[in-house]
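Chain by chain, the residues:
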Amino acid sequence: MTKDEILLAQKEHLFPSVFHYYKTPLVIERAKDQYVWDADGNQYLDFFGGIVTISVGHCNDTVNRKVHAQMDKLQHVSTVFATEPQVALAKKIASITPGGQLTKAFFTNSGTEANETAILAARCYTGASEIIALRHSYHGRSSMAMALTGNSTWRLGPITQPGIVHAHNAYCYRCPFGLKYPDCGVKCAEDVDELIRTTTSGHIAGIIAEPIQGVGGFVTPPKEYYPIVDKIIRNYGGIFISDEVQTGWGRTGAKWFGIEQWGVTPDIITSAKGLANGSPVGLTVAKPAIADGLKGVQISTFGGNPVTSTAAKAVIDFIEENNLRINAAETGAYLRGKLEELKEKHSLIGDVRGMGLMQALELVEDRTSKAPAVAATAAVMEAARENRILIGKGGLYGNVIRITPPLNISKTDVDEFVGRLDASLMATRQTAETRV
Ligand SMILES: Cc1ncc(COP(=O)(O)O)c(C=O)c1O
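Figured I'd write up the structure that's included with this text. From a predicted model like this one, the values you see are computed outputs, not experimental measurements.

Each value, and the rule that gives it
- Residues numbered from 1 in each chain as written.
- Predicted model: local features only at pLDDT ≥ 70, side-chain atom pairs only at ≥ 80, totals over all residues.
- Heavy atoms only, no water.
- Buried < 20%, exposed > 50% of the residue type's maximum accessible area, 1.4 Å probe, protein only.
- Helix = DSSP H or I, 4+ residues; strand = E, 2+ residues; numbered from the N terminus.
- Contact = heavy atoms within 4.5 Å.
- Disulfide = S-S within 2.5 Å.
- Near = heavy atom within 4 Å.
- Polar contact = N/O pair within 3.5 Å; in protein donor to acceptor, adjacent residues only side chain to side chain.
- Areas by Shrake-Rupley, 256 points an atom, 1.4 Å probe, with all protein chains shown as cover.
- Pairing = 2+ DSSP bridges.
- Axes fitted to C-alpha atoms, helices over the stretch in contact; angles between N-to-C directions.
- Core = buried A, V, L, I, M, F, W, Y, C linked by side-chain atoms within 4.5 Å.
- Parallel < 35°, antiparallel > 145°, perpendicular 65-115°, else oblique.
- Left-handed = near helix turned anticlockwise from the far one by under 90°.
- Expected span 1.5 Å × (residues − 1).
- Phe/Tyr/Trp six-rings, centres within 6.5 Å; stacked < 30°, edge-to-face > 60°.
- Lys NZ or Arg CZ within 6 Å of the ring centre and 35° of its normal.

The subject of this paragraph is helix α8 (residues 225-235). Among all positions of α8, only Tyr 225, Tyr 226, Ile 228, Val 229, Asp 230, Ile 232 and Ile 233 are buried. Residues of α8 that are buried make contact with β5 (130-134), α7 (187-199), β7 (204-209) and β8 (239-243). Gly 237 lies just past α8 and shows a positive phi near 80 degrees.

Structure follows, in structure tokens:
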């Protein structure tokens, strides 16, 4: 198909709700390592990785070799049979969860399903139904996941799941209480106690939280936030579910899972995206007692699929063997330094935040009012496309640039990227000045 035929078919035959970046969708034809090429043959440096999914570079040779071999050996049998790839993956994951304590896995095909499974497990284990989620969060697109999500853009149609209440997130740049860290006493965390006492029955199944909110614009809580929240949740009989769909597998630097940066051991971790570098795998991994709480039987036709399980195990091994968690910390710190320098230069940048190779720029009209620079963010996206870099957009107001390159990029890639991002911010400023 030609590029125009693809764009026409996209319009005619996909749900109009299929969201895409840019005024005209970018048609991607192929990719390798940190680069993708569009249908016109243009090469882009990919610092978004298909929404925080390309952990080890596009079409990674080592991963693909193992996947191709598995495809020729055994492609599908379903979870009603036992296979080596599924259990080898589960065993590997069990060995790297915080404290080696989360040792039982259930595999599905997406982050949404992983979270559905986690909520079900929390409810079965505790016998309670009420769940705490966070404002500005994103947990997926099923009915339940949309009810958990704290962002109206991604909550379509009537929300039909009762018993979910939303706590304040630790959005220090726009503190929900108008306070300043650390004098605030981390009120947003302490407030969870009152939330439970006033908006639930006092008997909760647990909390679900993204350690760093992904779609929410990489909102990164201070170090006290999750320990305080964890303690409160347990006082009311609840368990802690860490949604690591974006923050897992070394993305935040040094640690395997984002929540480890706060020293909290969750009861359940959910993941997807970067786990298999683009192959569809959803993971719900739990402490054994919680997994045992799911009485009865379940199947997942594609869950634990031999090919996708092989991909996921190959990705984890690749991260481990190539020390990529350390690269995420070191190259992430280098990237962060460069982004702080851009902030000195461009008043459009109000905040720089994130951890490891998960960094964001929040764009504002001016630094005093902090009015979200929504139009300018869209303009930066278009300019970045012109400058041949891929970046993401997010935040409740759509004014946050999200930067999540593969974990195996180098400082040279960062220099190249930052130069082009600088040019994109400059072009946006010049366009705004011409309009005035
Ligand atoms: C934190 C988080 N949880 C869950 C999901 C849902 O994952 P999926 O799109 O694979 O269903 C996403 C997707 O963006 C996510 O970012």
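Back to the write-up after that little detour.
A negative phi angle characterises most non-glycine residues, just as the trans form characterises most peptide bonds. Along the chain, Tyr 181 connects to Pro 182 via a cis peptide bond; the corresponding omega equals 5 degrees. Its location among the elements puts Pro 182 in the loop between β6 (164-167) and α7. Phi is positive for Val 186, which is not a glycine, with a value near 50 degrees. Among the structural elements, Val 186 can be located in the loop between β6 and α7. Using a relative accessible area of 4% as the deciding quantity, one classes Val 186 as buried. Non-glycine residue Lys 273 carries a positive phi angle of around 30 degrees. Secondary-structure assignment places Lys 273 in the loop between β9 (268-271) and β10 (282-286). By relative accessible area, which is 24% here, Lys 273 ends up partly exposed.

So, about the state of the cysteines. Under the counting rule described, the total for this entry stands at zero disulfides. With no disulfide of its own, Cys 188 lies 6.3 Å from the sulfur of Cys 184, the closest cysteine sulfur.

Looking now at the site of the ligand. Near the ligand you find Ser 110, Gly 111, Thr 112, Asn 115, Tyr 138, His 139, Gly 140, Glu 210, Asp 243, Val 245, Gln 246 and Lys 273, and these make up its full shell. At 2.9 Å, a backbone N or O of Gly 111 approaches an oxygen atom of the ligand. Between an oxygen atom of the ligand and a side-chain N or O atom of Lys 273, the distance comes to 3.1 Å. The fraction of the free accessible surface of the ligand (390 Å²) that becomes covered by protein chains is 85%.

The next thing to look at is the sheet that holds β7. With respect to topology, seven strands assemble into an open sheet ordered β4-β10-β9-β8-β7-β5-β6, the strand pairing being mixed. The sheet terminates laterally at β4 (104-108) and β6, the two strands that pair on one side only. Going from strand to strand, the sheet's axes swing by 20 degrees on average, the running direction of each strand aside. Examined bridge by bridge, β5 and β6 share four bridges and lie parallel to one another. When the bridges of β6 are listed, Ala 133 appears paired with His 166. On top of the sheet, helix α5 (residues 111-126) reaches β4, β5, β6, β7, β8, β9 and β10; it is set at about 165 degrees to β9, its chief contact.

What follows deals with the nonpolar core. Counting residues in each nonpolar core, the largest one holds 63 residues, and the members touching the most others are Trp 249, Leu 361, Ile 403, Phe 417 and Leu 421. At eight residues, helix α10 (residues 306-321) tops the list of elements feeding residues into this core. Beyond its immediate stretch of four places on either side in the chain, Phe 417 contacts Leu 45, Phe 47, Leu 335, Ile 389, Ile 391 and Ile 403.

Next up on the list: the packing of α7 against α8. A pair of packed helices can be characterised by two numbers: the angle between their axes and the separation between those axes. At a closest axis distance of 8 Å, the pairing of α7 and α8 adopts a crossing angle of 20 degrees. By the angle between their axes, α7 is roughly parallel relative to α8. In this structure, the crossing between α7 and α8 has a hand that is right-handed. Facing Cys 188, Ala 189, Glu 190, Val 192, Asp 193 and Ile 196 of α7, the residues of α8 in contact are Tyr 225, Ile 228, Val 229, Ile 232 and Ile 233.

Next up on the list: helix α4 (residues 84-96). Between its first and last C-alpha atoms α4 spans 19 Å; for 13 residues at 1.5 Å apiece the expected length is 18 Å, and the two agree. Where the residues of α4 are buried, they touch α3 (61-73), β4, β10 and α10.

Turning our eyes to something else, we now look at the environment of Met 146. As for its placement among the helices and strands, Met 146 is situated in helix α6 (residues 143-148). We classify Met 146 as buried; its relative accessible area is 13%. Taking the C-alpha atoms as reference points, Met 146 and Val 80, 66 residues apart in sequence, are found 30 Å from one another. Filtering out sequence-adjacent residues up to four positions away, Met 146 remains in contact with Gly 140, Arg 141, Trp 154, Arg 155, Leu 156 and Ile 159.

What follows is about the packing of aromatic side chains. One pass over the full model with this rule turns up 11 aromatic pairs. Pairing Tyr 35 with Trp 37 gives two aromatic rings, centres 6.3 Å apart and planes at 55 degrees, and the pair type is tilted. Ring geometry for Tyr 225 versus Tyr 226: centroids 5.0 Å apart, planes at 75 degrees, classification edge-to-face. Classification of Tyr 225 by relative accessible area gives buried; the value is 1%. When its relative accessible area of 1% is taken as the criterion, Tyr 226 is described as buried. The ring of Trp 37 is capped by Arg 30, whose NZ or CZ atom sits 4.2 Å from the centre of that ring. Between Lys 187 and the ring centre of Phe 177, over which it is positioned, the NZ or CZ distance is 5.1 Å.

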